[in-house]
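Examination of the molecular architecture
Each chain, letter by letter, is given below.
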Amino acid sequence: MKTKLGKAKPLLGLILIIVVVSIISPNFLSKGNLLTVLRQTSINAIIAAGMTFVILTAGIDLSVGSILGFSGAICAYLLTNGTNVFISFLAAILVGALFGLFNGVVITKGKVQPFIATLATMILLRGATMVFTNGKPIAVKGESATKILRYIARGDILGIPVAVIMMVIIFAICYHILHNTKYGRHIYAVGGNEQAALLSGVNTDRVKMLAYMISGILASIAGIIVLARLSSAQPTAGDGYELDAIAAVVLGGTSLAGGQGAILGTIVGALIIGILNNALNLLDVQSYYQMIVRAIVILIAVLLDRKDKNK
Amino acid sequence: MGREILRMENISKSFPGVKALDDVSLKAYEGEVMALLGENGAGKSTLMKILSGVYTKDSGRILLNGEEINVLNPRDAAEKGIAIIHQKLNLIPNLTVYENIFLGREKVNSYKVLKKDCMIDESKKLLERLRVDIDPTLRVNEISIAKQQMVEIARALSLNASVIVMDEPTDTLTDKEVDSLFDVIRELKTENKAIVYISHRLKEVFEVCDRATVLRDGKLIDERMISDLDEDEIIKLMVGRTLDEQFPYLMTQVSENVLEVINLTNKYVKNISFSLKKGEVLGISGLVGAGRSELGKTIFGLYPIDEGEIFLEGKKVEFKSPKEAIENGIMYVSEDRKSEGLVLSMDVKSNITLSSLDKFKRAIGLDKKKEERVTQEYREKIKIKTPSLTQKVKNLSGGNQQKVAIAKSLLTEPKVLILDEPTRGIDVGAKREIYDLLNAIKKEGHCVIMISSEMPEILGMSDRIIVMHEGVIKGELTREEATSEKIMNYIIKGEEN
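The structure presented is a predicted model; accordingly, all values stated were derived computationally and were not measured.

**With respect to the interface of chain B and chain A**
With 22 residues of chain B in contact, the opposing surface of chain A contributes 19 residues. For the side of chain B that touches chain A, the elements supplying multiple residues, two or more each, are helix 10 (322-327) and helix 11 (337-341) of chain B. Classifying every residue of the side of chain B that touches chain A gives ten nonpolar, eight polar and four charged.

**Description of the pairing of strand 4 (residues 59-64) of chain B**
For a regular strand, side-chain orientation follows a simple rule: the groups alternate between the two sheet faces. Residue and element names in this part refer to chain B. Bridge analysis of strand 1 (residues 4-15) against strand 4 gives five bridges, and the strand direction is antiparallel. Residue pairing across strands places glutamate 9 opposite arginine 61, the latter belonging to strand 4. When strand 4 meets strand 5 (residues 67-69), the two strands line up antiparallel, connected through three bridges. When the sheet's bridge partners are listed, leucine 63 is paired in strand 5 with glutamate 68. Once strand 4 ends, the chain turns through two residues before running back antiparallel as strand 5, passing asparagine 65 with a positive phi of about 50°.

**Focus: the sheet that holds strand 16 (residues 330-333) of chain B**
All names here are of chain B. If you walk across this open sheet you meet the six strands as 16-17-18-13-19-20, and the pairing is mixed. The open sheet has two edge strands with one neighbour each: strand 16 and strand 20 (472-478). Each neighbouring strand pair of the sheet contributes to a mean axis angle of 20°, computed without reference to strand direction. Where strand 13 (residues 281-286) meets strand 19 (residues 464-469), five bridges bridge the pair, whose relative direction is parallel. Each bridged residue has a counterpart across the sheet, and for glycine 283 the counterpart in strand 19 is isoleucine 465.

**Quick notes on helix 1 (residues 44-51) of chain B**
When you tally the buried positions in helix 1 of chain B, you get seven out of eight residues, the bulk of the element. All buried positions along helix 1 of chain B are accounted for by B:Lys44, B:Ser45, B:Thr46, B:Leu47, B:Met48, B:Ile50 and B:Leu51.

**Some thoughts on the domain arrangement of chain B**
When its domains are assigned, chain B resolves into domain 1 (4-242) and domain 2 (246-493). On a C-alpha basis, the centroid separation for the pair domain 1 of chain B and domain 2 of chain B is 35 Å.

**As for the environment of A:Lys182**
Along the chain, A:Lys182 turns up in helix 8 (residues 182-192). Taking C-alpha positions, A:Lys182 is 37 Å from A:Asn277, a pair spaced 95 residues apart along the chain. Non-local contacts of A:Lys182, meaning those with residues more than four positions away in its chain, are made with B:Leu357, B:Lys361 and B:Leu366.

**Observations regarding the nonpolar core**
Membership of the largest hydrophobic core comes to 162 residues, with the highest contact counts inside it found for A:Ile46, A:Ile47, A:Leu218, A:Ala222 and B:Ile418. Counting residues per element, this core draws most heavily on helix 10 (residues 204-230) of chain A, which supplies 17 residues. Excluding residues that lie within four positions of it along the chain, A:Ile47 makes contacts with A:Val64, A:Leu218, A:Ala219, A:Ala222, A:Tyr241 and A:Ala245. Grouped together as the second largest cluster of nonpolar side chains are 68 residues, B:Leu126, B:Ile164, B:Cys209 and B:Ala212 included.

**Here we look at the confidence of the model for chain A**
Across chain A, the average pLDDT comes to 91, with 95% of residues at or above 70. This stretch, residues 1-6 of chain A, has a pLDDT under 50; its non-local contacts, to residues over four places away or in other chains, come to one contact.

**Quick notes on the sheet that holds strand 12 (residues 272-277) of chain B**
Residues and elements named next belong to chain B. Spatially, four strands are ordered 12-11-14-15 in an open sheet, and the strand pairing comes out antiparallel. A strand with exactly one partner marks an edge of an open sheet, and here the two such strands are strand 12 and strand 15 (315-317). In this sheet, neighbouring strand axes are inclined to one another by 20° on average, regardless of whether the strands run parallel or antiparallel.

**Things to note about helix 13 (residues 368-381) of chain B**
Residue and element names in this part refer to chain B. Given a rise of 1.5 Å per residue, 14 residues ought to cover 20 Å, and the 20 Å separating the end C-alpha atoms of helix 13 matches this to within 8%. Every buried residue of helix 13 is accounted for by Glu371, Thr375, Tyr378 and Arg379. End-on, the buried residues of helix 13 take up no more than an arc of 105°, which puts them together on one face. Across helix 13 from its buried face, at more than 90 degrees, point the exposed residues Lys369, Arg373, Gln376, Glu377 and Glu380. Packed against the buried residues of helix 13 are helix 12 (348-353) and helix 14 (398-411). A positive backbone phi angle near 55° is found at lysine 383, which sits one or two residues after helix 13.

**Some words on unusual backbone geometry**
Note: most residues except glycine have negative phi, and most peptide bonds are trans. Even without a glycine there, the phi angle at B:Asn65 is positive, about 50°. Within the secondary structure, B:Asn65 is located in the loop between strand 4 and strand 5.

**Here's the deal with the pairing of strand 7 (residues 163-167) of chain B**
Residues and elements named next belong to chain B. With respect to burial, strand 7 is a largely interior element, five of its five residues being buried. The alternating pattern of strand 7 places Val163, Val165 and Asp167 and Ile164 and Met166 on opposite faces, both of which are buried. Where strand 6 (residues 82-85) and strand 7 come together, four bridges link them in parallel fashion. Bridging across to strand 7, isoleucine 84 finds its partner in valine 165. Both strand 7 and strand 8 (residues 194-198) contribute to a ladder of five bridges, which runs parallel. Residue pairing in the sheet places isoleucine 164 in a bridge with isoleucine 195 of strand 8. On the question of chirality, the crossover connecting strand 7 to the parallel strand 8 by way of helix 6 (residues 175-190) is right-handed.

**With respect to the packing of helix 3 (residues 64-80) of chain A against helix 10 of chain A**
All names here are of chain A. As a packed pair, helix 3 and helix 10 sit with axes 7 Å apart at the nearest point and diverge in direction by 55°. Regarding the angle of helix 3 to helix 10, the classification is oblique. Like other packed secondary-structure pairs, helix 3 and helix 10 cross with a definite hand, here right-handed. Residues Val64, Ile67, Leu68, Gly69, Ser71, Gly72, Cys75 and Ala76 of helix 3 form the contact with helix 10, whose own contacting residues are Ser215, Gly216, Ala219, Ser220, Ala222, Gly223, Ile224, Val226 and Leu227. Across the contact of helix 3 with helix 10, the residue classes break down as ten nonpolar, seven polar and no charged.

What counts and how
Residues numbered from 1 in each chain as written. Chains lettered and ligands numbered in written order. Predicted model: local features only at pLDDT ≥ 70, side-chain atom pairs only at ≥ 80, totals over all residues. Contact = placed C-beta atoms within 7 Å. Helix = DSSP H or I, 4+ residues; strand = E, 2+ residues; numbered from the N terminus. Nonpolar A, V, L, I, M, F, W, Y, C, P; charged D, E, K, R; others polar. Pairing = 2+ DSSP bridges. Axes fitted to C-alpha atoms, helices over the stretch in contact; angles between N-to-C directions. Buried ≥ 20, exposed ≤ 12 C-beta atoms within 10 Å, placed from the backbone. Domains from an automatic or database assignment. Core = buried A, V, L, I, M, F, W, Y, C linked by C-beta atoms within 7 Å. pLDDT = per-residue confidence, 0-100. Expected span 1.5 Å × (residues − 1). Arc of directions from axis to C-beta. Right-handed = clockwise from strand over helix to strand, strands pointing away. Parallel < 35°, antiparallel > 145°, perpendicular 65-115°, else oblique. Left-handed = near helix turned anticlockwise from the far one by under 90°.

Dropping the structure here:
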């Protein structure tokens, strides 16, 4: 019973925040606003889903924001030059997978700490994006390209935004992988005790490399959504997104020490952050103050979680 | 008879699901050494943790010099004159010896500046008293484990406590250091200190203790004068049964070779050759650091091989990882369950199936019903005591954790099972169950390499014994010819006596 409640804790936090926000700002509960919150949350949530894999292995991925920016720029370039839309998307995703793999190889074969390895990739790819775009946005041209981007950004299926549907599908797949497959078990085993996992016959290097690849792939998918939103690739796109993603994972109850946590917590964590941002906007709080409020909420949430775990 | 200094009276303590202590009493007398004896899990550590204020008791009283005291925490215990030397070293490795000795009680002058020279001098005196040669200005991680233990003892002495508890103080010490420790204990007796001495080594108990308090399953069994006891009697009090019943050796028909190791050499071992037959338990004896675990892990594919060959059922094998070894029928169960054997944060079921998930693969995902069924079978077969299969392994007792680790290895259906210290840190009852399992494995025609530092276990359960020292095999003995003297001779002299 106690563990069940423990798992539900981020959810209780989410409900609390929804109740408080809807009392202060009745506009919050309008259908239009709720869909906006979901749409805005989807990008961070998708990145955070990949981050969950990495953090469960006791790692961290600081490069997701830069991967998002770089793969978005590649995608925009290809689209503008008339490349087939799906090939362009695939190329973007491939870029994410490749640099995720790069992170994984440096970490497992090079035995570099994840923080440092992905920090290097983060700087590297931001620089590469600047070089590639010449520091200027790449506006997407071409009829079919703009059409499909507009569909991703503003389209809906049965009234639900496309990006939100993508988010739900991604989380369903991630849930399945983490809880119903051999690879999922191996993720938890590696994060819980890497040496024991190795001695149990787990290919720990492969497990970790795949986790960073998944993180890279999901970051580049988020990159496509960001590109669609702005209909242009910004050289600074995704800057700082890694921190929101990490915050979502931790708010969702996943331990930075690895091995403990759940993907469903991550979506709750991402929603908490999304709703908070939305509420602060609805309440017309100045953006400088918004940062302070967000910091305080994150700290309180994590401290409450800590206190519970120490008992 | 000395005056009674410490009396713990009718102490009880429960943890969720376990009554760790049930109405236990312990006394310590001025100028005497009281041995506190019992198997693992008998409640010795819990009792000492209550005395030092780590745990709070559910009921009972603690009297010091006739007055009831309330110990809040270890620091409070130290201030009241109760010093505890822990089994696990409690020193800070990157601080110096003298800084550790005076940790939390640093001497300062009126400007709050450390009086280093004064502390170094006093440390020197304390260490001299223990007759060990340690420079107090060295950092703790620069001195040997045995010397660290002596530093720990020096720290307890510096408290000038009236009651000193020593929890397995000789575990890491050499014979010479043990002797000087005993000299110090005798000296402390003349200074009218009361000492509580916890040890598994009965020889030491007879050498240095005056009385013994025996606990079993959280209950007080008896308090007796050592002079009225002999070894057999103490064991009987501790385990409630005699030693013979401890090792249910099973004779089996051994047949063809399963494993053959020829001239295996790498960073850790040299020129290792031996063979292993179907239905056989091969014991590997030796001192800690003899390269036994490393040999096991090398066969298991964890360490690369420089020279030599391994044949499994006549076929030459070369494993690049434990994964390959497991796939080919070799499994290794680590001596260190917590850091190598189990994923403590995962549940019982997931730990048992971790090495065999391919057995549960379906088109999409895992067959969780089958997983549940199979793990339930193992839970019953090897008597894993757990409230449920979804219980996290970290909440189980040591013996049950070990059974989970063994269940995991059995599920891989190994042809060769390497058990490294299979009964370390578990109580006699669970040990017996693991020996029974060993016999069941033999009956099924599999074979086992059992690495163990416990001589009785090696002698009691092995069909054949090889003795290792410094990475080399020093000798091989059949069950019939093996005695602990012969094994020690191989280790010490490296030749048959």
